[in-house]
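# Structure at a glance
Below, each chain spelled out in residue letters.
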Amino acid sequence: MFVELLNGRIIKLIRFEIMKSINANGQQHALAALARSVSIGLMFLVSPATALAAYDVNIAAPASPISAQIYGLHMYILYVCAAIFVVVFALMFYSIFKFRRSNGSKPDVNFHESTLIEIIWTLIPFVILLFMAIPATKTVLDMKDTTNPDMTVKVTGYQWGWRYDYAAEEVGFYSSLSTPWSQIGQPGEKATEEKGKDYLLEVDNPMVVPVGKRVRLLVTSNDVIHGWYVPQLGVNQYGIPGFVKDVWFKADKVGTFKGQCSQICGKLHGYMPITVVVKTEADYAKWVAEAKARWGTAPVAAVAAVPAAVAAPEPGKPLTLVDLKTAGEKVYAANCVACHQASGKGMPPTFPALSGSKVVLGPTDGQINILLNGKPGTAMASFARLSDFEVAAVMTYTKNSWDNSTGKFVTPDDVKAKRKS
Amino acid sequence: MASATIHDHANDHSHDHAHHGPGPWTRIFTTTNHKDIGSMYLWFSLLMFFVGGAMALLIRAELFTPGLQVVQPEVFNSLTTVHALVMIFGAVMPAFVGFANWLIPLQIGAADMAFPRMNNWSFWLMIPATVLLMASFFVPGGAAASGWTLYPPLSTQGGIGVDMTIIAIHILGASSIMGSINIITTILNMRAPGMTLMRMPMFVWTWLITAYLIIAVMPVLAGCITMLLTDRHFGTAFFNAAGGGDPTMFMHIFWFFGHPEVYILILPAFGIMSQIIPTFSRKPLFGYASMVYATASIAILSFIVWGHHMFTVGMPAAGQLFFMYATMLIAVPTGVKIFNWIATMWRGSITFETPMLFAIGFLCMFTLGGFSGLVLSIVPVDITLHNTYYVVAHFHYVLFPGAIWALMAGVYFWLPKWTGRMYNETLGKWHFWLSAISFNVTFFPQHFLGLAGMPRRIPDYALQFAEWNMISTIGAFALGFSQLLFVYNVFSCIRSGEKAKERQWDSADSLEWTHLPSPVPYHTFEMPPDLRGAKAVH
């Protein structure tokens with residue numbers, strides 16, 4: 001396993017370390033390099049093989065004014081703590097070595113009380129804390145100042161993905177994990193595909209923002225509490241269902257910034273990454289135009305108008321079971337497979353089997369109801385955000401796969417009728 | 001003092017075991033003896049420590065490499081949830097109550113706890129609670145999987161396992177409250193003549209303060225999870241925005257309990273430290289009075305810092321600043337305690353038996369955990385570290401080498417008194433050094449993971465986190481298996497340890513060492529010792 005992980009990385013890492021030391025001219029860099037070499041040295045003690053793989057020991061490079069302040073603040077506090085550490089541990093180990101009985105030390109039983117000393121070591125930490133609190137307060141006030149945004153994006157957490165609604169641009173779309181399950185694998189079932197570079201950190205539709213603009217986020221949630229966390233932009237904000245909280249960032253540079261959901265939100269909490277792509281203003285304008293065409297924007301509230309990820313057939317063309325089933329397989333792979341499994345056998349009792357399921361084989365209305373409204377008290381969430389066509393397709397797929405061969409199919413009109421009622 | 005030892009029934013063992021009750025089984029169900037109940041608490045918590053530890057190892061096994069290999073994500077979430085609940089409510093709290101039962105009557109010169117029958121009841125309540133908690137893994141929907149904080153609406157989604165967890169916490173809470181009532185009443189009413197409050201050993205002091213904390217916050221937790229229960233089943237909407245409630249309110253109420261709770265887990269540990277460090281430094285505790293005041297200050301401050309668990313909910317700047325300043329303030333009394341312990345060693349005559357090794361380990365590691373706590377108290381830094389592995393590293397630094405090492409130090413320290421036999425010193429030292437090294441291999445890299453942005457409570461992770469996670473898992477298995485040495489050492493001590501001396505540690509000066517033989521007889525201090533005019537015993 002070690003060899004597998006290290007394969008091909010060692011050379012890259014050596015280069016990485018050399019580059020780091022070349023850059024190590026500032027004091028901050030020198031200390032960081034020292035910390036790194038100490039930790040690498042420790043790693044050699046644990047296992048010589050892992051030593052070369054040791055990296056990422058600090059907060060990622062900041063990409064916004066706030067995250068730069070956070071980075072600076074963290075380094076400052078760390079150095080202060082390091083200084084206190086040296087003093088306290090020096091005193092502690094001095095007394096441990098000097099006053100050991102084997103060294104002939106006799107106890108001074110009268111040295112056990114001193115009001116003056118108590119006052120001194122109450123006051124000194126207090127003063128040190130003051131010097132920490134002052135810069136921290138400044139950053140807090142900067143972080144909380146969400147006034148004068150250049151643009152506003154509403155971020156909604158879902159189990160398990162994100163939705164971004166650009167108010168002024170009239171664009172809204174879902175963003176979810178694009179790493180295929182074949183890279184993730186299952187207990188007892190090895191991943192069939194090699195893990196990619198951005199394993200678990202890649203999404204189908206990233207959030208896109210222009211560089212150098214104050215972006216205000218209105219963060220909320222559709223179901224449970226989620227956390228919109230992109231460290232390099234200095235944002236970590238809970239999305240709380242029923243409430244909207246605002247937060248802001250300004251990206252300093254063009255690039256791609258990654259993050260993950262930071263608050264446990266159920267089964268796939270570990271599988272709802274965030275990607276923010278920062279573009280130049282011209283590129284951003286281009287993206288907005290494309291996005292408008294793709295996710296043509298209707299009012300967000302009109303759920304049925306949310307555009308489909310799986311394209312609906314041309315109007316007028318009669319739907320066939322095969323077409324619906326083919327489209328449904330894609331919808332299933334994107335939305336259902338994590339719980340109900342590719343085999344349709346689910347993971348009972350939490351995630352019931354669809355193969356042979358009474359609900360799937362039973363009346364259409366019952367199944368549509370569960371898909372649109374979820375099943376309260378269980379992990380089954382509402383999938384009302386899917387289009388009528390997608391719901392019809394995925395239902396058709398479940399009714400005609402595995403052990404199920406009903407020969408029945410569901411039309412988008414059936415779904416539409418049920419959605420209205 | 002040693003020369004003035006008063007043997008309580010020294011040569012009269014008529015009160016010893018043998019003739020007590022009909023048989024061992026009836027005895028464990030019906031005993032009201034504080035020593036029996038203390039031992040039962042300790043055995044129970046040792047068992048739960050390994051149950052919780054096994055869950056931790058399953059978690060670490062899943063995190064050994066990226067991808068899903070060992071458990072499904074849902075089961076992983078249940079494991080993290082129940083690991084925390086078992087360790088907090090099943091291992092650490094009962095273990096400290098076990099110590100309290102054993103030691104408080106001995107250290108203040110009382111015959112037993114104030115309410116012996118309630119004492120029996122508070123122990124036995126824990127069994128159905130634990131059975132409920134563990135059985136929740138096997139019901140439809142599985143065990144609670146929302147993290148031990150049980151935040152709604154996620155916790156309203158789960159199945160009957162969540163209800164079982166809620167009931168289990170209710171029962172455990174009731175047990176803790178009864179235990180605390182017993183402890184407070186015993187300490188305030190049953191001290192021997194001359195055992196004034198400011199002469200009590202620090203362990204008794206810290207437990208007195210802890211018991212008040214428990215009485216103050218356990219009912220808050222009970223209210224909190226009751227509201228959760230009625231939201232789940234009876235159509236209330238305390239935490240549901242659609243009905244006019246607010247999920248954030250749950251967090252406020254929960255953490256109003258939750259923050260004092262972490263001090264409930266650590267204050268008695270401070271007490272054990274304050275007895276072991278002076279003993280092996282052969283000097284009285286430095287700054288006894290300021291240690292008492294510092295403990296009380298920590299307890300009081302612990303009620304006004306809960307918001308630091310919630311910096312990312314979007315509270316106003318004034319709220320964030322208040323909770324940041326209050327949290328930073330806790331560093332002051334905590335620092336005072338650390339400095340006093342160091343000053344106790346200063347100009348001492350130190351030896352390094354196993355309890356002292358664990359105590360010094362506690363000092364070092366707890367200080368490191370204090371530093372990461374200080375880093376996390378800084379709101380902007382917390383924003384970027386909230387719910388990452390940095391937080392996991394932080395609280396394991398204060399709880400494992402903090403609470404658990406204090407417990408182990410305490411067991412090694414008092415085993416000779418409890419059993420009349422000595423543990424194996426060499427094995428004890430092996431246990432310490434293996435734990436110290438493997439603990440740091442497990443948890444130090446988690447700081448790096450958190451700084452690099454790895455969220456906690458995820459079963460699978462991006463590739464840049466792979467190396468540190470692998471190292472952490474290797475450390476965790478070493479740490480877990482090292483603890484078997486402890487079990488072996490305790491068993492072999494009881495079965496075949498060398499005979500311990502009455503005052504095994506030459507400068508231990510609390511009453512159990514100065515007034516009672518080893519092992520302590522079944523009944524002690526039926527007549528309280530008269531301590532008026534005697535030298536201070538701390």
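To be clear, the structure that these remarks concern was listed above.
Okay, so let's go over this structure.

Cut-offs applied
Residues numbered from 1 in each chain as written. Chains lettered and ligands numbered in written order. Predicted model: local features only at pLDDT ≥ 70, side-chain atom pairs only at ≥ 80, totals over all residues. Heavy atoms only, no water. Core = buried A, V, L, I, M, F, W, Y, C linked by side-chain atoms within 4.5 Å. Buried < 20%, exposed > 50% of the residue type's maximum accessible area, 1.4 Å probe, protein only. Helix = DSSP H or I, 4+ residues; strand = E, 2+ residues; numbered from the N terminus. Domains from an automatic or database assignment. Contact = heavy atoms within 4.5 Å. Axes fitted to C-alpha atoms, helices over the stretch in contact; angles between N-to-C directions. Parallel < 35°, antiparallel > 145°, perpendicular 65-115°, else oblique. Left-handed = near helix turned anticlockwise from the far one by under 90°. Nonpolar A, V, L, I, M, F, W, Y, C, P; charged D, E, K, R; others polar. Polar contact = N/O pair within 3.5 Å; in protein donor to acceptor, adjacent residues only side chain to side chain. Pairing = 2+ DSSP bridges. Salt bridge = Lys/Arg side-chain N within 4 Å of Asp/Glu carboxyl O.

## Regarding the nonpolar core
Counting residues in hydrophobic clusters, the biggest one holds 225 residues, and the most contacted among them are F99, W207 and W341 of chain B. Counting residues per element, this core draws most heavily on helix α3 (residues 73–108) of chain B, at 22 residues. Counting contributing residues per domain, this core is built from domain 2 (65–144) and domain 3 (151–184 + 196–298) of chain A, each supplying no fewer than three. Residue contacts for W341 of chain B: discarding those within four places in its chain leaves F270, M273, S274, I277, L285, M291, F362 and L363 of chain B.

## Section: the packing of helix α2 (residues 34–62) of chain B against helix α15 (residues 466–496) of chain B
Residues and elements named next belong to chain B. Between α2 and α15, the shortest axis-to-axis distance is 10 Å and the interhelical angle comes to 160°. By the angle between their axes, α2 is roughly antiparallel relative to α15. Here α2 and α15 pass one another in a crossing that is left-handed. Within the contact of α2 with α15, the residues separate by chemical class into 15 nonpolar, 4 polar and 1 charged.

## A look at the packing of α3 of chain B against helix α7 (residues 202–233) of chain B
Residues and elements named next belong to chain B. Where α3 meets α7, the closest approach of the two axes is 11 Å, and the angle between their N-to-C directions is 135°. The pairing of α3 with α7 is recorded here as oblique in orientation. With respect to the hand of their crossing, α3 and α7 are arranged in left-handed fashion. Residue-level inspection shows F89, M93, F96, V97, F99, A100, L103, I104, Q107 and I108 of α3 in contact with α7, the latter providing F203, V204, W207, I214, M218 and L221. For the contact of α3 with α7, the class distribution of residues is 15 nonpolar, 1 polar and no charged.

## Observations regarding the environment of T81 of chain B
Residues and elements named next belong to chain B. Of note, T81 is situated in helix α3. In this structure T81 touches A144, A145, S146, G147 and W148, once residues within four positions along its chain are discounted. At a separation of 2.9 Å, a polar atom in the side chain of T81 contacts the main-chain amide nitrogen of G147.

## Thoughts on the sheet that holds strand β7 (residues 235–239) of chain A
All names here are of chain A. Across the sheet, which stays open at both edges, the 5 strands sit in the order β4-β10-β9-β6-β7 with mixed pairing between neighbours. With partners counted over all chains shown, the strands left at the sheet margins are β4 (207–210) and β7, one partner each. With direction set aside, neighbouring strand axes in the sheet form an average angle of 25°. Pairing geometry for strand β6 (residues 226–230) and strand β9 (residues 255–261), over 2 bridges, is antiparallel. Residue pairing in the sheet places Y229 in a bridge with Q260 of β9.

## Focus on the pattern of salt bridges
This structure, assessed with the given rule, holds 13 salt bridges over all chains. With a closest N to O distance of 2.8 Å, R232 of chain B and D163 of chain B form a salt bridge. Taken together, the residues span a long stretch of sequence, with R232 of chain B in helix α7 and D163 of chain B in helix α6 (residues 160–189) at a distance of 69 residues. Accessibility classification places R232 of chain B together with D163 of chain B in one group, the buried group. Sharing partners across several salt bridges, the network here consists of R101 of chain A together with R282 and D506 of chain B.

## Observations regarding the side chain of Q183 of chain A
Residues and elements named next belong to chain A. Following the sequence through the fold, Q183 ends up in helix α7 (residues 181–184). The class for Q183 is buried, based on a relative accessible area of 7%. A distance of 3.4 Å separates polar atoms of two side chains, one belonging to Q183 and the other to E193. When neighbours within four sequence positions are excluded, Q183 is seen to be in contact with A191, E193, E194, K195, G196, Y199 and E202.

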